[in-house]
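Observations on chain architecture
Chain by chain, the residues:
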Amino acid sequence: MKKAEWLKTGFANEPISKDIDLKEAIQAFKKEKNAVIMAHYYQTGDIQDIADYVGDSLALAQWAAKTEADIIVLCGVHFMGETAKILSPTKKVLVPDLNAGCSLADSCPAELFEQFVDKHPGYTVISYVNTTAAVKAVTDVVVTSTNAKQIVDSFPKDEKIIFGPDRNLGNYINSITNRNMLLWDGACHVHEQFSVEKIIELKAKYPEADVLAHPECKSTILALADYIGSTAALLKYSMNSDKDTFIVATESGILHEMQKRSPEKTFIPTPPNDSTCACNECSFMRLNTMEKLYNCLKYEYPEIEVDPEVAEKAVKPIQKMLEISEKLGL
Ligand code: 13P
Ligand code: SF4
């Protein structure tokens, strides 16, 4: 009965007694079940703090491929859980809330992408990790924002390439590698929201601040950035920079780790375009909560499953990405 109810909600929606200390109980479940918690930088601070590993999309895939735990709890979005399951098919991969999707992955339905690929014979297909397993299954090599430039650079200059699904990341990589890859027209609803005006206002208020931007942002935002990089690269830049103030144009969850690593520095989230919404927060990432994490470990639900035939095809381009990244020391 319970399970039928959970299937409707997409998570184990069992009431939790107020007497339970969630942090202690989560730690106890982890030990008892030999589970590991991996969290993306866009998770809320409490989830990042209890996680065994906190990282960007590339790091999450690398850890998932190597872990010896029996259960991986992936606190992130669905495609991250799928990637972990594809890389570690014998492990149980759980996500706190199955509804945690991704607008960018949704902007690239597998059937349409496959038709697009079929229309362009002779093209190498490079897909961002923010895609479904079915899209990865028709891909030659997967990339993340940490390794996209280097992986694209590993192909000859005249290689015909399809790059999907993020048009902003694709345009950015085209510009820095001097290529003309064919782009899928997808985007992330969080990174597309940032407004040039708001950043210019912040720059006027904090003239000494550096603007840090994720390459999923539009080119008009990237043009204002002092540094462009993946979440892990932005974090590293903020730690190593002599500057003490940063205007951050990516999902605001990353500020938690930035502030933790550099408590003396000031981090300003780029405000959303429309002040009535919290659109610099990923609504999907924020579906995960400590309560859902607790129930997910307790009931070992929801579990990520990937069709074995799809997984068999999708694992190849992901492995290829991991191999190239390892060679490059990423
Ligand atoms: P990275 O983790 O590669 O920085 O990408 C950000 C993102 O959008 C994750 O969904
Ligand atoms: Fe997807 Fe954007 Fe959310 Fe990342 S921030 S998970 S790309 S919707």
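Summarised in this report is the structure supplied together with it.

Rules behind the numbers
Residues numbered from 1 in each chain as written. Chains lettered and ligands numbered in written order. Predicted model: local features only at pLDDT ≥ 70, side-chain atom pairs only at ≥ 80, totals over all residues. Heavy atoms only, no water. Near = heavy atom within 4 Å. Polar contact = N/O pair within 3.5 Å; in protein donor to acceptor, adjacent residues only side chain to side chain. Areas by Shrake-Rupley, 256 points an atom, 1.4 Å probe, with all protein chains shown as cover. Nonpolar A, V, L, I, M, F, W, Y, C, P; charged D, E, K, R; others polar. Buried < 20%, exposed > 50% of the residue type's maximum accessible area, 1.4 Å probe, protein only. Helix = DSSP H or I, 4+ residues; strand = E, 2+ residues; numbered from the N terminus. Pairing = 2+ DSSP bridges. Right-handed = clockwise from strand over helix to strand, strands pointing away. Expected span 1.5 Å × (residues − 1). Bend = angle between axes of the 7 residues up to and from the residue. Contact = heavy atoms within 4.5 Å. Axes fitted to C-alpha atoms, helices over the stretch in contact; angles between N-to-C directions.

**Concerning the site of ligand 1**
- The local shell around ligand 1 holds 14 residues, among which His 40, Ser 57, Ser 145, Glu 216 and Thr 231 are the closest.
- Within the side chain of Ser 57, a nitrogen or oxygen atom sits 2.8 Å from an oxygen atom of ligand 1.
- In this structure, an oxygen atom belonging to ligand 1 sits 2.6 Å away from a side-chain N or O atom of Ser 145.
- Contact with the protein chains hides 96% of the accessible area of ligand 1, taken as 300 Å² for the molecule alone.
- Classifying every residue of the shell around ligand 1 by side-chain character gives five nonpolar, seven polar and two charged.

**Notes on the pairing of strand S1 (residues 35–40)**
- Counting buried positions along S1 yields six of six residues, so the element is predominantly enclosed.
- In terms of strand pairing, S1 meets strand S3 (residues 71–75) through five bridges, oriented parallel. Paired with Ala 39 across the two strands is Cys 75, which belongs to S3.
- Looking at chain direction, S1 and strand S2 (residues 53–55) are connected through three bridges and run parallel. What sits directly across from Met 38, in S2, is Tyr 53.
- With helix H3 (residues 45–50) bridging S1 and its parallel neighbour S2, the resulting β-α-β unit is right-handed.

**Points about helix H16 (residues 308–328)**
- End to end, H16 covers 30 Å across 21 residues, agreeing with the expected 30 Å (1.5 Å per residue, within 8%).
- The largest bend in H16 amounts to roughly 30° and is located at Ala 314, with the proline Pro 317 lying one to four residues further along.
- Burial in H16 covers these residues: Ala 311, Ala 314, Pro 317, Ile 318, Met 321, Leu 322, Ile 324 and Ser 325.
- Considering only its buried residues, H16 is in contact with helix H4 (57–66), helix H5 (78–87), helix H8 (133–136), strand S6 (141–143) and helix H9 (148–153).
- Positive phi shows up at Gly 329, right after H16, with a value of about 75°.

**Comments concerning H5**
- Burial of H5 is extensive: nine of the ten residues sit out of reach of the surface.
- For H5, the full list of buried residues reads Phe 79, Met 80, Gly 81, Glu 82, Thr 83, Ala 84, Lys 85, Ile 86 and Leu 87.
- If you follow the buried residues of H5, they end up packed against S1, H4, S3, strand S4 (92–94), H8 and H16.

**Quick word on the sheet that holds strand S12 (residues 266–269)**
- The strand order across the open sheet formed by four strands is S10-S9-S11-S12, and the pairing between neighbours is parallel. At either end of the open sheet lies a strand with only one pairing partner, and these are strand S10 (227–228) and S12.
- Examined bridge by bridge, strand S9 (residues 210–213) and S10 share two bridges and lie parallel to one another. When the bridges of S10 are listed, Ala 213 appears paired with Ile 228.
- Packing against the sheet, helix H13 (residues 231–240) makes contact with S9, S10, strand S11 (245–249) and S12, and its axis sits at approximately 160° to S9.

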